[in-house]
Structure formats: C-alpha cells, structure tokens
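A structural walkthrough
This is what each chain is made of:
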Amino acid sequence: MSESERDPGRGLPQLRAHLVVERPRFRLDIELAADAGQVIALLGPNGAGKTTALRALAGLTPLSGGHITLDGGALHTLPVERRPIGVVFQDYLLFPHLSALDNVAFGPRCQGASKHDARRTAGAWLERVGLAEHAADRPRQLSGGQAQRVALARALAVEPRLLLLDEPLAALDAHTRLEIRSRLRRHLGDFDGATILVTHDPLDAMVLADHLVVIENGAVVQQGPPAEVARRPRTDYVARLVGLNLYRGVADEQQVTVGDVIFSVTERIHGPVFIAFPPSAVALFRTRPDGTPRNLWQARIEGIERHGDNVRVHLEGPITAAADITPAAVADLDLTAGQQVWAAVKATETHAYPA
Amino acid sequence: MVLAVVGMAFLVLPLAGLLVRAPWSTMPERLAEPQVLEALRLSLVTATIATAVCLVLGVPLAWLLARVSFPGRRLVRALVTIPLVLPPVVGGVALLLVLGRRGLVGQWLESAFGISLPFTTAGVVVAEAFVAMPFLVISVEGALRAADLRYEEAAATLGASRWVVFRRVTMPLIAPGIVAGAVLCWARALGEFGATITFAGNFPGRTQTMPLAVYLALETEPDAAIVLSLLLLLVSVAILAGLRDRWVTSA
C-alpha cells in the first residue's frame, strides 16, 4: 500500500456495529460504537458472547442480523480477507513454520508488497515492539510475552482501521502480564484506529480501555467509562469484578430499604436504586452494637478466606455480603464459619444511585 | 509369548531366506545386466510419476473431503478408498474396461487425441496411480483434519485469499502428512503388480517393472529373481528408515 493510498480517510475511523448472532441456545445482540483512537473493552463472564462478538466483527462468524459500519462504509458485506482489520488471537496463532519476521511480513505480503518491502515493514514493526533481535526466531523459540508482541506487530503491520484483541494477556503469567500490559497500553495509545478488546479481567479492561462494555448472556448490561462502571456497578457480575457489595433497593430521601435492612446514605434520592459499598466498609461485631438500627443487620458467617493482607468474611442473612477485616480482628472476635454476627456499614462509605 | 515369536518369525524369516539364498558371488554381474537396470529404471520412473500424479490430484481431493461439506461426502470418501481394498487385478480389469481401446473413455481418448493407454509406459503410471492414490488421500485428509483451522482464520484476517491460505499456511502445516502420504504412495506404486500386468502388460523396457520382472525371472532364472527381490527389499527398507527419521524429527 502506498503512502498516497493510505493517507486519505486516515482521519476518523469510526465503528458503528449492531451485532446479532443466533445459535441454537444462544443469542448475541449488542451494539457497539468506537471513535478514532478509542479503546473499547468488551468485558464479561465466560460464555457471555465476547469472543463471538469479536469474531463477528472480524467476519469469522457470520452475522444473523445487524450491520457493521467502519469509516462510513459497510464492513459486514466484505469477506474476512478484505476487511481492514488486525486481530490478535488469544493464543496468538503465530504460524509455526515461519520466523517471527515472516509472520509479521505475512500481512503486507498479502496486501501486495514485494517480499523485500514486506520484510522491511515487518522489521520496522518488530523494532517497535522491541523484538528486532528475535526476527529469525521461530514462534516456539519465543516466550509467551514475546509471542504476544509478535502477534501484535503482525496485526498492526497490515495498517488496520480496526484492531481486535481477544484476551491478549490471558495466556501470560502474572509477572509478564504486568509488563506486557503497560507495553500494550503504549502501543494502543499510538494506534489511531478503533480498538476492541475482549477480556474477562477487569484490571486489563480498566488499564487499557477508554470505555467498558459489559456483556452478559449475549446482551449489554452496562457500559461507560471504566471509573464510572467501577463506582456504580449495575449487576452482581460487575460488582464482583470491581469488588463491591451491590444491592437493589428503594430509596426515600437519605434512606434505602433493601429487604429487611435499612441503609442510611449521603445522597438525596428517591425510587428504585442501587446501593454499593466496599467489603472494607463492613464492620463485624459479636454482640449487637449500641446506637442506630440503621446500616446494621444480623448475619451468619458462610466462610472465611485470606484476601490480600486482610481476611474476607462471607456473610449470609437478610442480604449476602462480603466483609474485609484484619487478621487481628478475626482473632479478637474469635470468628468461625457458621457463627452469628452483627454487620454494620458507615453511611459515608455507601453509594446509592438510580437503578 | 510363543505365538508372538512365531508371528515375528513368520514375518522376518522369509526376508532372511532371501539374504541367505542370495547368489552373492555373482551379484555384481547380475545387477549390471541391462534387463535388471531397465526394469529398475522403469520402476523408479513410473512410481515417481505416479506419485506426482497422485499429489496433483490427491491433495485437492483430500482437501475437498476434509474441508468442504457437501451431500454424499461420506459416499465419495468410501469410493475413494475402494482401490485400497480392491484386488489389484480387478483394478486392472476395470481400468481396461474404461481406458482400454474400446473402453468408455479410452475410445474417446483414441479418436480425439490419438492417445492409447493400455500396454504403454503411461498405462503403467495410470495403473500404479490408481492403486496408490488412496494411500495419499487418506494420509493428507487425516493431516488436514488434525490441522488447527484457526491458523487459517488468522491468515484470512491478515488479508490472505483462500488460495494463499492453502499455499502458505495449510500446506506447510500439513507437510509432514503430505510427505508421509507421498512416500507410502510411492512405495505402493513401486510394488504394484496386479493392476499393472493386467492393464499395461509385461513388455521389457516399456511396461516391465521390477515386480513383473521378479515374477517372470522366477520361472526361468530363480537366482535373478532373488537379486531383483533383494533390490526391492533394499528400497523398501530405505523408505522405512527415511520415514522413521521424518516422524522422529517432526514429533
């Protein structure tokens, strides 16, 4: 592809998609939009349809309905090989019979570049991902993190308008993951097309994406900027991901009723609401504490487990909740599973918002 | 245990017999006989051409069977493997009926192009390819089925057309299967007897391959038959050794 062909239209790739994929016992129906340079994370539990959505965007899974528009043109009518996309697959799928350099040169070759030019382009991309010295290596000689970077270089070397990443960090060990995540973030920052990132890891999504789209059972359940989603989860799945206790209740002024429990909140709000608070805001007592009956309920300890430096106590009762307390507190209170305790939350640590 | 030893002896002893009874003293002269060299040359050439024909026709056929779902695919697969179980003589007769001078296709080939296959070297190639092709098709189809389709998907997302995907990704990935299939196919073609003698006859220098020469020599000159047999055995062992190396290195 020559410079003159590449430049026009390089300004604003905009993705607008309505993806409908019907399977015998599953239906995906979601809408997505991405602006130039934007990174959208599709977040959801296993089987939610994230990968199906990505495959539909790539053209690897046919749409049952809907449409995909990229830069104002229809994308869904094009066969896979004619779509201006780059895909990083979950286990990278580097061609085992080709060197790292030839893997990256594969796309430019398919676009009509000469062998020499394709290799030069590929060399430049390997340089950008910091793997110039591994150009001659076969994929099986590369570490997981290196293979991931080659896969990214291969996807970007075709100068895609839409970059699709399927769990790009899932196959890496914790240590490598940290480093590769920040590298990936830099590369995504340099990329001027739209990026769709599929992940089940909230941290990946928060660090890498400008906008989260949470999918459950083939439908969008929540979307917004990462901070917003983290602060105001709207489903149990999201709440668990971001580590909050989440309940649906009815608000009346500064009071929210969740079943038998009444919470005081700082927000002035009415009607159906969500109320969320972190496990660290929950305090436990062996005997009923004095004072207001609000923000207080009696619970049974379901289980106790280590959680970072603290101990997480799972509570059953009128509401299901998690409480994070210090190991010292566990010892002081002599907590064991099956015990009855009193749980309390400070009003200032709760957060209520319209449901 | 005893049965196993008997079984092994049954397979190995005849080969050992060949070695024991071989006329070692006159071996060099016998090997240099023009008739022997001619038969050997003809065998190697026809088996190689037959293998090439099988590759050109068999790999696409294997791809069709492995990758394209169409009605009657199972039937086609069953038909393709018939030469595998068919007595080769029957194959030769069938080839004669279809490609012979008065055959369904042969008639037309002769009138339209002046091509006549029976009792020619080309006929040897046809007979060998007919018998040997299932070995290649089955081996390549197995390799195609075992290959990870997602590599082909990855290639497509990089802009590769179906043909480019096949040539630059699928073929290299299944190369070990193709090589193994081609070697089996070649070995089968080299040893072909029944279909060849039925369809192509037994003309020295033209259609008399090694197996035919062995059979003929056995009646007139048993020592020559042993020498020719040893030669074929040597080629077979070489193939086996080559294949093993292939499999060991690719595993």
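In this text the structure is predicted, and so the values were computed from the model without any measurement.

**With respect to the overall build of chain A**
Scanning chain A for helices and strands turns up 10 helices and 18 strands. In terms of principal-axis extent, the alpha carbons of chain A reach across some 80 × 40 × 35 Å. Taking all 355 residues of chain A together, 40% fall into the buried category. Pairs at least 24 residues apart make up 65% of the contacts formed inside chain A by residues separated by at least 6 positions.

**Structural notes on the pairing of strand β6 (residues 85–88) of chain A**
The two faces of a sheet get side chains in turn, since along a regular strand they alternate between them. All names here are of chain A. What you see with β6 is no split at all: I85 and V87 on one side and G86 and V88 on the other are buried throughout. In this structure, β6 lies alongside strand β7 (residues 162–166), joined through four bridges in parallel fashion. By the bridge assignment, G86 is partnered in β7 with L163.

**A few points about the nonpolar core**
Formed by 81 residues in total, the largest nonpolar core has its most connected members in I40(A), A41(A), L42(A), L57(A), V104(A), L164(A) and L197(A). At seven residues, the largest contribution of residues to this core is made by helix α5 (residues 144–156) of chain A. When residues no more than four places from it in sequence are discounted, the contact partners of L197(A) are V39(A), I40(A), A41(A), L42(A), L165(A), L208(A) and A209(A). Counting residues in each nonpolar core, the second largest holds 39 residues, with V53(B), V124(B), C185(B) and F199(B) among its members.

**Examining the interface of chain A and chain B**
Contact residues are listed per partner, giving 16 residues for chain A and 14 residues for chain B. Elements supplying a minimum of two residues to the side of chain A that touches chain B: β6 and α3 (100–110) of chain A. Ranked by the residues each element gives to the side of chain A that touches chain B, the list is headed by α3(A), at three residues. Counted by class, the side of chain A that touches chain B contains 11 nonpolar, three polar and two charged residues.

**Regarding the domain arrangement of chain A**
How big an interface is tends to be reported as the loss of accessible area on association of its parts. Residues and elements named next belong to chain A. Looking at the assigned domains, one finds that chain A contains domain 1 (3–239) and domain 2 (243–354). A separation of 40 Å is found between the C-alpha centroids of domain 1 and domain 2. Contacts between the two partners involve six residues from domain 1, matched on the other side by seven residues from domain 2. Of the residues contributing to the side of domain 1 that touches domain 2, the split by class is two nonpolar, no polar and four charged.

**A look at unusual backbone geometry**
Residues and elements named next belong to chain A. Phi at E253 takes a positive value of approximately 55 degrees, unusual for a residue other than glycine. Its place among the elements puts E253 in strand β11 (residues 245–258). The backbone phi angle of D334 is positive, close to 55 degrees, even though this residue is not glycine. Among the secondary structure elements, D334 is positioned in the loop between α10 (327–333) and β17 (340–345).

**A closer look at the confidence of the model for chain B**
Mean pLDDT for chain B: 88, with 97% of residues reaching 70 or above. Overall fold confidence for the complex sits at a pTM of 0.78, while the interface term, ipTM, reaches 0.79.

**Considerations on the UniProt feature "domain: ABC transmembrane type-1" (unreviewed entry) in chain B**
The sites that UniProt annotates as "domain: ABC transmembrane type-1" (unreviewed entry) are residues 40–243 of chain B. Strand forms 0% of residues 40–243 of chain B and helix 79%; the C-alpha atoms that close the span are 21 Å apart.

**As for the sheet that holds strand β4 (residues 65–70) of chain A**
Residue and element names in this part refer to chain A. Read across the open sheet, the four strands follow the order β2-β1-β4-β5; overall the sheet is antiparallel. Lying at the two open borders of the sheet, with one neighbouring strand each, are β2 (26–34) and β5 (73–74). Pairing of strand β1 (residues 15–23) with β2 involves nine bridges; the strand directions are antiparallel. Each bridged residue has a counterpart across the sheet, and for R16 the counterpart in β2 is A33. Sitting on the sheet, helix α2 (residues 50–58) is in contact with β1, β2 and β4, with an inclination near 115 degrees to β1.

**Quick notes on the UniProt feature "transmembrane region" (unreviewed entry) in chain B**
In the UniProt entry, the feature "transmembrane region" (unreviewed entry) is given for residues 45–66, 78–99, 119–140, 169–189 and 224–243 of chain B. Between the first and last C-alpha atoms of residues 119–140 of chain B the distance is 31 Å; the span itself is 91% helix and 0% strand.

**Quick notes on the sheet that holds strand β18 (residues 351–354) of chain A**
Residues and elements named next belong to chain A. Ordered in space as β11-β12-β18, the three strands form an open sheet in which the pairing is antiparallel. The open sheet has two edge strands with one neighbour each: β11 and β18. The average angle at which neighbouring strand axes cross in this sheet is 45 degrees, direction not considered. Across four bridges, the pairing between strand β12 (residues 261–277) and β18 is antiparallel.

**Examining the environment of T51(A)**
Residues and elements named next belong to chain A. Of note, T51 is situated in helix α2. Between the C-alpha atom of T51 and that of V39, which follows or precedes it by 12 residues, the distance is 16 Å. Residues within four places of T51 in sequence aside, it is in contact with D166 and V198.

Parameters at a glance
- Residues numbered from 1 in each chain as written.
- Chains lettered and ligands numbered in written order.
- Predicted model: local features only at pLDDT ≥ 70, side-chain atom pairs only at ≥ 80, totals over all residues.
- Helix = DSSP H or I, 4+ residues; strand = E, 2+ residues; numbered from the N terminus.
- Buried ≥ 20, exposed ≤ 12 C-beta atoms within 10 Å, placed from the backbone.
- Contact = placed C-beta atoms within 7 Å.
- Pairing = 2+ DSSP bridges.
- Core = buried A, V, L, I, M, F, W, Y, C linked by C-beta atoms within 7 Å.
- Nonpolar A, V, L, I, M, F, W, Y, C, P; charged D, E, K, R; others polar.
- Domains from an automatic or database assignment.
- pLDDT = per-residue confidence, 0-100.
- UniProt positions renumbered as here; feature names shortened; annotations may be inferred.
- Axes fitted to C-alpha atoms, helices over the stretch in contact; angles between N-to-C directions.

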